[in-house]
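Structural overview for review
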Amino acid sequence: MDSAVRQMMRANEENWDTRTPVHVASEFYAKDPAYWFSPYEWDDLGDLDGLELLHLQCHIGADTVEFARRGARVTGVDISAESLTHARRIAKEHEVDIDFVHANVYDVDFSPERFEIVYTAKGSLCYLPDLARWATLVASLLKPGGVLYVAEFHPLLNAFGPAPKPGLSEELVLRHDYLEGRGPQRKDSKHTYTDGPELSGATVSYEWAHGLGEVISAVAGAGLRVTTVRESSELPWPRWSRMVRNDRGWWELPADEPRVPLFYSLRAEKP
């Protein structure tokens, strides 16, 4: 990566260091670790007992803990040192042993073919400027027969934005790119996505759009065999005010509105 992209990723690191104290104190993350997973993720992943699992971009480890509770030998990686300080505390509170490593994803230095599972999820890929390079790295870290699992917000979700409409609290319209190709999007906000106060430090971050086709092509291009792609209409939090809780506590658009994908998962194997 060139120096300009490196500077953007350093800005993201500073921004996540700033967000973390707000996230740790928020109601948003005050949930049991199992909450963050759809049931089909466990069907796709299978029994984790004794497996070496790498969780990339793990943030404060709110969901990482669940892998360890299910018997995996877990390593978590994140760009934010502040996030990992709290991740280690949270793991200790749940009485699980997790090795947390502070690193940019592109700079991780693990032995080749070490892991049986590499997992990445929920708002991670938009912070990666080069998916082909990411997928190649993941492939190198997986043992033969190992699994990459991505559980992500659908790029259509990221493309939607609300607009006022008579008779409705809001209407969803296309406001942002679904497809890649126009480079990074600079964001400058004093607020993060959780409840809590304004940020008290770095507010600038950069994101990159990645269409579903780009994700699949990057994974296949790295030599991994895509076995499952699921698209889902539910989210773990209410992105828009008119979303309603479903039977298991996640959120969906009302039943009388069009069913559109808001979340997806991808499973791929290393031959």
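So, a few notes on the structure that sits alongside this text. (Residues numbered from 1 in each chain as written. Predicted model: local features only at pLDDT ≥ 70, side-chain atom pairs only at ≥ 80, totals over all residues. Heavy atoms only, no water.)

1. Regarding the packing of aromatic side chains
What counts is decided by this rule: Only Phe, Tyr and Trp rings are paired, with Trp represented by its six-membered ring, and only when their centres lie within 6.5 Å; those with planes under 30 degrees apart are stacked, over 60 edge-to-face, the remainder tilted. Numbering of helices and strands starts at the N terminus; helices are DSSP runs of H or I of at least 4 residues and strands are runs of E of at least 2. When accessible area is computed with a 1.4 Å probe and restricted to protein chains, residues below 20% of their type maximum are described as buried, those above 50% as exposed, and intermediate ones as partly exposed. Distance and angle both matter: a charge sits over a ring if NZ of Lys or CZ of Arg is within 6 Å of the ring centre and within 35 degrees of the ring normal.
Enumeration according to the criterion identifies 20 aromatic pairs in this entry. Centre to centre, the rings of Phe160 and Trp240 are 6.1 Å apart; their planes meet at 75°, and the pair counts as edge-to-face. In this pair, Phe160 sits in strand S6 (residues 160-165) while Trp240 sits in the loop between strand S10 (225-232) and strand S11 (244-245), placing the two residues 80 residues apart along the sequence. For Phe160, a relative accessible area of 12% translates into the label buried. Chaining the aromatic ring pairs together yields one cluster made of Trp16, Phe28, Tyr29, Tyr35, Trp36, Tyr127, Phe153, Tyr193, Trp237, Trp250 and Phe263. The residue whose ring lies beneath Lys31 is Phe28, and the NZ or CZ to ring-centre distance is 5.2 Å. One Lys or Arg, Lys122, reaches over the ring of Phe37 and ends 5.1 Å from the middle of that ring.

2. Focus on the sheet that holds strand S4 (residues 115-121)
Convention followed: DSSP bridges decide pairing: two strands pair if at least two such bridges lie between them. Whenever a helix is involved, its axis is fitted only over the stretch in contact; in every case the axis is a line through C-alpha atoms, and angles between N-to-C directions fall within 0 to 180 degrees. Two residues form a contact once any of their heavy atoms are found within 4.5 Å.
Taken together, seven strands build an open sheet; the order of strands is S3-S2-S1-S4-S5-S13-S10 and the sheet is mixed. The sheet is open, and its two edges are formed by strand S3 (98-102) and S10, each paired on a single side. In this sheet, adjacent strand axes meet at a mean angle of 15° when their direction is disregarded. Inspection of the sheet shows strand S5 (residues 142-153) paired to strand S13 (residues 263-269) by seven bridges, in the antiparallel sense. When the sheet's bridge partners are listed, Ala151 is paired in S13 with Ser265. Each of strand S2 (73-78) and S3 touches helix H4 (residues 81-93); the most contacted strand, S3, lies at about 175° to it. Strand contacts of helix H5 (residues 131-141): strand S1 (52-56), S4 and S5, with the helix running at about 140° to S5, the strand carrying the most contacts.

3. Section: the pairing of S5
The following threshold applies: Handedness rule for crossovers: strands pointing away from the viewer, path from the first strand over the helix to the second running clockwise, crossover right-handed.
Across the 12 residues of S5, nine count as buried, placing the element largely inside the fold. Note that S4 and S5 share six bridges and pair parallel. The partner of Tyr119 across the bridge, within S5, is Tyr149. Note on the crossover from S4 through H5 to S5: the handedness is right-handed.

4. A word on the side chain of His210
Threshold: In protein, a polar contact means a hydrogen-donor-capable atom and an acceptor-capable atom, both N or O and within 3.5 Å, with residues adjacent in sequence counting only if both atoms are side-chain atoms; elsewhere, any N or O pair within 3.5 Å suffices.
Position of His210 among the secondary structure elements: in the loop between strand S9 (204-207) and helix H7 (212-221). Among the polar contacts made by the side chain of His210, one reaches the main-chain carbonyl oxygen of Leu125 at a distance of 3.3 Å. Separated by 2.6 Å, the side chain of His210 and the backbone oxygen of Leu128 make a polar contact. Filtering out sequence-adjacent residues up to four positions away, His210 remains in contact with Leu125, Cys126, Leu128, Pro129, Leu131, Pro155, Tyr178, Glu180 and Val215.

5. A closer look at H5
Those residues of H5 that sit buried are Leu131, Trp134, Ala135, Leu137, Val138, Ala139 and Leu141. Packing partners of the buried residues in H5 comprise S1, S4, S5 and H7.

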